[in-house]
Structure formats: C-alpha cells, structure tokens
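Descriptive structure summary
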Amino acid sequence: MLTYRLMIKGRVQGVGYRRFTQAQMQKLGLAGWVRNVSDGSVEVQISCDESLLNQIVETLRKGPSLSSVAYVEVQKILLRHELPSPFEIVADE
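All of the points below concern the structure found in this document. (Residues numbered from 1 in each chain as written. Predicted model: local features only at pLDDT ≥ 70, side-chain atom pairs only at ≥ 80, totals over all residues. Heavy atoms only, no water.)

A closer look at the sheet that holds strand β1 (residues 2-11)
Note the following rule: DSSP bridges decide pairing: two strands pair if at least two such bridges lie between them. Secondary structure elements are defined from DSSP: runs of H or I of at least 4 residues count as helices, runs of E of at least 2 residues count as strands, and each element is numbered from the N terminus. The criterion used for residue contact is that any of the two residues' heavy atoms lie within 4.5 Å. Only the stretch in contact is used when fitting a helix axis, every axis being a line fitted to C-alpha atoms; angles between N-to-C directions are given from 0 to 180 degrees.
Taken in spatial order, the five strands of this open sheet run β4-β1-β3-β2-β5, and their pairing is mixed. Each edge of the sheet is formed by a strand with only one pairing partner; in this case those strands are β4 (68-77) and β5 (88-89). Note: β1 against β4, nine bridges, orientation antiparallel. The residue of β4 that forms the bridge with Arg11 is Ser68. Sheet strands in contact with helix α2 (residues 50-62) are β1, β3 (42-48) and β4, and its direction is about 155° off that of β4.

Some thoughts on the environment of Val12
Structurally, Val12 can be placed in the loop between β1 and α1 (17-27). Between the alpha carbons of Val12 and Val42 there is a distance of 6.6 Å; along the sequence they are 30 residues apart. Residues within four places of Val12 in sequence aside, it is in contact with Tyr17, Gly40, Ser41, Val42 and Val69.

Purely spatial values, then, with no claim about function.
Take a look at the structure:
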C-alpha cells in the first residue's frame, strides 16, 4: 500500500464534501483522513493500492451534488505515522 495526499480545488467547502469523502473512503475500507484547508480547498490523505487510485480520484472529482471540483492534485508521500482507520474527518488546517 502507498500513501497519497490529494488536494481538491473548486467549490468544495460548505457543500458536504468532507462527509461525502468520508463515506466513500469508508465504503472502500481505506485508512486516512480529510480536512478543509484555509485556502478553500480540501486535503485528503489515504493509504491504498495504486490500482485503486484512479477510482478514488474519479469519485473525488464527482463529489457531492452541490460541489464543483476544478481539479484533484495527487502526490505520493512518505508515511511518518499510521493513518486512522476507519477513514475520518479531522480538524481544519
């Protein structure tokens, strides 16, 4: 399993995006977290197989009905500590 940091840009705060993300990642049984970022974006950190990454990105591009995602930036990161499981919403940056 690899760990990824995803930054979601667009209209993603105040539209249920974090709860949507939490529900979708828990359905997949993934460890990780989601939070709002002060610049208006949403940050996600997940541990998953590389083969699942495209599905996750497509799900996050879709988002909940009130969201409008401009783009999803994906970065592979080194994990310094274990991510929470089940997937959770954490405090804003």
